Amino acid sequence: TFDVDCLFGAYLGTVDPGLPDELRAAANRDVTERTLAAYVMAEYDADLGNMPVRGNFGVRVVKTDVTSNGLRSDLILVPDDNDPTRFTLEETGDFQAVQIKSSSTRILPSINAIFEVAPDTLVRLAGYRAMSRPNPSALGAGRTFTLGDGDEGGFTSIEEAIDNVRANGSPRLKPLMSWNADAAIEWYPNKDSLLSATVYYKQFNGGFQPVVYNEDFTINGETVNVPVTQTRNSPDKSRIYGLELTAATRFSFLPKPLDGLGAKVSYNYANSNFKNQDINLGDQYDPETDTVSPGLIAAAGLSGYSKHVLSAQAYYEIGPVSLQAIYNYRSKYYQDFVGGNSQLRYVGPSETVDFRASLDLMKGVSLRFEALNIFNEPKATYMPVYGSSRQYHYYGAKYFIGIRARI
């Protein structure tokens, strides 16, 4: 443990530096997203011959309006006092407002059905259209600037000094649309046991792809045309399919007090060809020539997508006492940064063990204890390709204790 105020004061000389004199900057984000949605749904319950069937169908309409405000300012190059070949880039403070608007309307139908094929067996079918909107933080209209290192003799032009101008968001990103279908079978061999299998398929309209736009910036009074990289919705088709297996039982047939033991195991396999290109080293689309330049590194998949996920749980419940031990495993996955338009980041495989316990003190009141990541599983991240180490985090175990009251 450490004193946060002391650490902050050691860096800045004060624990309360106050707000900066100027809060405006070209990198600022100011995004407003307004969503209007309406839906209608009908339920049904009937017999298909001697087989009961029930479910619902309906449609949802979603209208999304995005307003993204940004700032632009003239820029000046300020030479370093100790090294005249190096510069810093500063804003003049004379800002002009930029506003980018985007809107979309999507219609989302859905239908599902549950067939009781036997007294102890259910078959579930579902089909629906879904949408996934970008995070508001990925819709910013700001700009960030990076200076190149320059040669030993210094920069020969302002264009040479600008290594990269990056948009800190892409306000014109549209929702990712998908058609989805899944089928599941559930078997209940007894009142305390379940075996189920689910297969699913999703087709996505596109992925994410860098796109380069040329923008004019005024630097030291000179207009410079600079390529700015943003992200667009790719026209490619993507898909994901998978299988999920679940088994759960309570060993109620065992003699007391062992009849309170139970276990649950769930495994999911998923396969996807969704492509998320690296902002600098991936495929890039040129809107002027309508061509795509191949990238230097392979694309990533869906953010948070692991090909293999396993969860196993053992529990014991007797009277007012409940004990649970949970094991979780997931294979490596891609994790994007908040704000988007960043390089690819991968997270390595992980295994964690958690423990939960509760004791009912009286009706509606329980004492609870929770221990997370008991064996201190680290988190390893890699950029921009898997195997190129970026960070290695040890979070340690976390322990919580509390009282819950239901009123």
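Heads up: these notes are all about the structure in this document. Values in this document were obtained by computation on a predicted structure and should not be read as measured data.

Observations regarding the pattern of salt bridges
Phase 1 of the analysis: Applying the stated criterion across every chain yields a total of eight salt bridges.
Phase 2 of the analysis: Taking the shortest distance from any N to any O, the salt bridge between arginine 54 and glutamate 116 comes out at 2.7 Å. You can see arginine 54 sitting in strand E2 (residues 51–79) and its partner glutamate 116 sitting in strand E3 (residues 87–118), a full 62 residues away along the chain.
Phase 3 of the analysis: A residue is classified by how much of its surface remains accessible, and glutamate 116, at 31% relative accessible area, is partly exposed.
Phase 4 of the analysis: A salt bridge links glutamate 317 to arginine 250; the shortest N-O distance between them is 3.4 Å. Taken as a pair, glutamate 317 in strand E15 (residues 308–318) and arginine 250 in strand E11 (residues 237–250) lie far apart in primary sequence, 67 residues in all.
Phase 5 of the analysis: Here glutamate 317 falls in the partly exposed class, since its relative accessible area comes to 34%.

Structural notes on the sheet that holds strand E21 (residues 379–382)
The pairing of strands in a sheet happens through backbone hydrogen bonds and is either parallel or antiparallel.
Phase 1 of the analysis: Within the open sheet, the four strands sit side by side as E17-E18-E21-E22. Their pairing is antiparallel. In the strand order of this sheet, the two ends are held by strand E17 (333–334) and strand E22 (389–393), each with one partner.
Phase 2 of the analysis: In the sheet, strand E18 (residues 346–347) pairs with E21 via two bridges, with the strands oriented antiparallel. Of the residues in E21, the one forming a bridge with valine 347 is threonine 381.

Examining the side chain of threonine 121
Phase 1 of the analysis: Mapped onto the elements of the fold, threonine 121 is located in strand E4 (residues 121–132).
Phase 2 of the analysis: A polar atom in the side chain of threonine 121 sits 3.1 Å from the side chain of aspartate 120.
Phase 3 of the analysis: Contact partners of threonine 121, with chain neighbours within four places excluded, come to Phe115, Glu116, Ile185, Glu186 and Trp187.

What about the nonpolar core?
Phase 1 of the analysis: In terms of nonpolar packing, the biggest core is built from 12 residues, these being Val66, Leu139, Leu173, Leu176, Tyr200, Phe204, Phe208, Ile240, Ala270, Phe274, Leu302 and Tyr305.
Phase 2 of the analysis: Setting aside anything within four residues of it in sequence, one finds tyrosine 200 in contact with Ala181, Asp182, Ile240, Tyr241, Gly242, Leu243, Asn268, Tyr269 and Ala270.
Phase 3 of the analysis: Within the second largest apolar cluster, nine residues are counted, among which are Val165, Ala167, Phe217 and Val228.

Some words on the side chain of arginine 129
Phase 1 of the analysis: Checked against the element boundaries, arginine 129 lands in strand E4.
Phase 2 of the analysis: Notably, arginine 129 is buried but unbridged: the nearest opposite-charge side chain belongs to aspartate 182, and the N-O separation is 15 Å.
Phase 3 of the analysis: A polar contact of 3.4 Å, which involves the side chain of arginine 129, links it to the backbone oxygen of isoleucine 107.
Phase 4 of the analysis: Not counting residues within four places of it along the chain, the set of residues in contact with arginine 129 comprises Ile107, Leu108, Pro109, Met177, Ser178, Trp179, Asn180 and Asn205.

Focus on the layout of surface pockets
Phase 1 of the analysis: Reported here for the largest pocket is a volume of approximately 550 Å³.
Phase 2 of the analysis: By residue number, the principal contributor to the lining of the largest pocket is strand E9 (residues 208–219), which donates three residues.
Phase 3 of the analysis: Each residue belonging to the lining of the largest pocket can be placed in one class, and the counts come to 13 nonpolar, 16 polar and two charged.
Phase 4 of the analysis: A volume near 390 Å³ is recorded for the second largest pocket.
Phase 5 of the analysis: Class assignment of the residues belonging to the lining of the second largest pocket gives a composition of 12 nonpolar, six polar and three charged.

Here's the deal with the pairing of strand E16 (residues 321–330)
Phase 1 of the analysis: With 10 bridges connecting them, E15 and E16 associate as antiparallel partners. Residue pairing for E16: leucine 310 is matched across the bridge by tyrosine 329.
Phase 2 of the analysis: Linking E15 to E16, which pair antiparallel, is a turn of two residues; within it glycine 319 sits at a positive phi near 55°.
Phase 3 of the analysis: Looking at chain direction, E16 and strand E19 (residues 350–362) are connected through 10 bridges and run antiparallel. Considered in E19, the bridge of isoleucine 326 is made with aspartate 354.

Notes on empty space enclosed by the protein
Phase 1 of the analysis: In this structure the tally under the stated criterion is one cavity of 30 Å³ or more.
Phase 2 of the analysis: Size it by volume and the largest cavity reaches roughly 100 Å³.
Phase 3 of the analysis: Forming the walls of the largest cavity are 13 residues, and the residues nearest its centre are Thr64, Val66, Ser104, Leu173 and Pro175.
Phase 4 of the analysis: Where the lining of the largest cavity is concerned, the elements lending two or more residues are E2 and E3.
Phase 5 of the analysis: Top element by residues in the lining of the largest cavity is E3. It accounts for three residues.

Conventions adopted
- Residues numbered from 1 in each chain as written.
- Predicted model: local features only at pLDDT ≥ 70, side-chain atom pairs only at ≥ 80, totals over all residues.
- Heavy atoms only, no water.
- Salt bridge = Lys/Arg side-chain N within 4 Å of Asp/Glu carboxyl O.
- Helix = DSSP H or I, 4+ residues; strand = E, 2+ residues; numbered from the N terminus.
- Buried < 20%, exposed > 50% of the residue type's maximum accessible area, 1.4 Å probe, protein only.
- Pairing = 2+ DSSP bridges.
- Polar contact = N/O pair within 3.5 Å; in protein donor to acceptor, adjacent residues only side chain to side chain.
- Contact = heavy atoms within 4.5 Å.
- Core = buried A, V, L, I, M, F, W, Y, C linked by side-chain atoms within 4.5 Å.
- Lys, Arg positive; Asp, Glu negative; His and termini not counted.
- 1 Å grid on protein atoms, 1.4 Å probe; cavity = no way out; pocket = protein on both sides within 12 Å on 5 of 7 lines; lining within 4 Å.
- Points joined across faces, edges and corners; volume = space filled by probe spheres on them.
- Nonpolar A, V, L, I, M, F, W, Y, C, P; charged D, E, K, R; others polar.

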